[in-house]
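Geometric and topological summary
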Amino acid sequence: MGSIQPSEMMHVSMRKRILDIRVLDLIYLVVFNLLFFEMWIQNSFGFSFIDEIVSLMLLGVALLRLAYNHRSSISVGSDILASLFLITSMCLIGFLGNYLFKLQPIQNAIYIDFFTCIKFPIATLSSFIILRDNRHIYKLVLAESKFLATVMLVCAVLNLFFEFGMGWEPYARFGLRSSFMFVLGHPTTVVACCTSLLILLMRERRNNKVWIAAVLAVAALTLRSKGFVLIAVAVFLYFTFGEKLSVFHVIFALLIAAFVGYDQFINYFSTDGAARNELLRRSLEIANDYCPLGTGFATYGSAVTSDPSIYSKLYYIYGISNVWGLTPDNARFLSDTFWPTIIAQFGWIGFGLYIASLICLFKFIYRNGSAARLCSLICFAYLLISSTSESSFFHPMAILLAFSLGVALSGLSTDGVAASEVES
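Here the structure is a predicted model, which is why all the values come from computation and not from measurement. (Residues numbered from 1 in each chain as written. Predicted model: local features only at pLDDT ≥ 70, side-chain atom pairs only at ≥ 80, totals over all residues. Heavy atoms only, no water.)

As for helix 12 (residues 275-289)
For helix 12, built from 15 residues, the straight-helix expectation of 21 Å at 1.5 Å per residue is met to within 8% by its first-to-last C-alpha distance of 21 Å. Those residues of helix 12 lying buried are Ala275, Arg276, Asn277, Glu278, Leu279, Arg282, Ser283, Ile286 and Ala287. (Helix = DSSP H or I, 4+ residues; strand = E, 2+ residues; numbered from the N terminus. Expected span 1.5 Å × (residues − 1). Buried < 20%, exposed > 50% of the residue type's maximum accessible area, 1.4 Å probe, protein only.)

The structure is reproduced here in structure tokens:
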């Protein structure tokens, strides 16, 4: 009886790996790509509801799994119950503000903004629940992440020398030919997508250091301040984070972020008449004037209010309608904010409730992530960084980060060892 040749063994191994990829895993891979290229799809075809549809789909599948999979290893802890209670309380305050002050008469706008507020925690928890015991999806998405990192880096370098439709603001920053926007329409979107790749690559950071470096280089070539802050924080955590988050990590990460992003922060928030400065300043006035509830959903800083037919009465009352970039006919910067929206729409009580809900959500994901805790840190760190200059947790890209985090945490047993490793 002849011995099996090495080439035959390799073919058998490859066939086994292909058979291990289930149809469901391919569907999740498609979901990842839809979220990653959402802005390209929106700009090319005008379809802008991918993140909402995905969030609802994930919620439905997660509820079905919880209802029918009685052997699931998932347990609902106090942190997640607290997070759900806190964000529900904030939403009730928002609806109460709508009822009492009637500043937004269009009900559909209120419901759209309500879902915008809750879709990140929905997508985060649902992704965690659905993918928790999946032992294959991480390797599948990781392989594409490495491919995307390579392609984006090549395109980003070429963009420094040639014009082929992937540049933004020629010679506007640092004397370089243009900022890199890939096919995603804006450099900021590229930074968010780089964050999603980092979330996936950081699970096995020692093995993926070449691709991590490639992703950081792409983020740098966007020439965006949030990209530079992301790079600084990611490099710091890469070399210093072990198994537990310490006060040292928090303090130094904040100091690094403040140092790297200080100039841009001053530029946006200390210039009289600048859109973000006006949105922040007026939100504090609104929170005090409508204390303690706030003005309700779809009344301040929400993306839905940039539509002229939904434009909020508050913008006229507080003079925001006269600020360039915030006017009814040019509201391009109206949703370039996050915390002012929380402060104005939900008041000081809602502001406190939302922060507390994020802390509880992070604690739940962090504690259950074990071997992939650095992935959770990168996800939430970027969303906090971006919250100074965009809608952050409300942004469509937040759903990409939530799903990427779910993939990064997939296949991990309760003791933090990858399920595939235990199995082998």
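Still to come is the rest of the account.
A look at the pattern of salt bridges
Under the counting rule described, the total for this entry stands at 14 salt bridges. Between Asp133 and Arg65 there is a salt bridge whose closest N-O contact spans 2.5 Å. One end of the pair, Asp133, is in the loop between helix 6 (107-131) and helix 7 (137-159); the other, Arg65, is in helix 4 (residues 50-68), and 68 residues separate them in sequence. The class for Arg65 is buried, based on a relative accessible area of 15%. (Salt bridge = Lys/Arg side-chain N within 4 Å of Asp/Glu carboxyl O.)

Looking at empty space enclosed by the protein
This model, assessed by the stated rule, comprises 1 cavity of 30 Å³ or more. One number sums up the size of the largest cavity: a volume of about 50 Å³. Along the walls of the largest cavity sit Ser83, Ile87, Phe120, Pro121, Tyr354, Ser357, Leu358 and Leu361, which together make up its complete lining. When residues of the lining of the largest cavity are traced back to their parent elements, those giving at least two are helix 5 (78-101), helix 6 and helix 14 (339-369). Considering each element in turn, the lining of the largest cavity owes the most residues, 4 residues, to helix 14. The residue makeup of the lining of the largest cavity, split by class, is 6 nonpolar, 2 polar and no charged. (1 Å grid on protein atoms, 1.4 Å probe; cavity = no way out; pocket = protein on both sides within 12 Å on 5 of 7 lines; lining within 4 Å. Points joined across faces, edges and corners; volume = space filled by probe spheres on them. Nonpolar A, V, L, I, M, F, W, Y, C, P; charged D, E, K, R; others polar.)

A few points about helix 10 (residues 225-240)
The terminal C-alpha atoms of helix 10 lie 23 Å apart, and with 16 residues this matches the ideal 22 Å at 1.5 Å per residue to within 8%. Across the 16 residues that make up helix 10, a large majority, 12, are buried. Every buried residue of helix 10 is accounted for by Ser225, Lys226, Gly227, Val229, Leu230, Ile231, Ala232, Val233, Ala234, Phe236, Leu237 and Tyr238.

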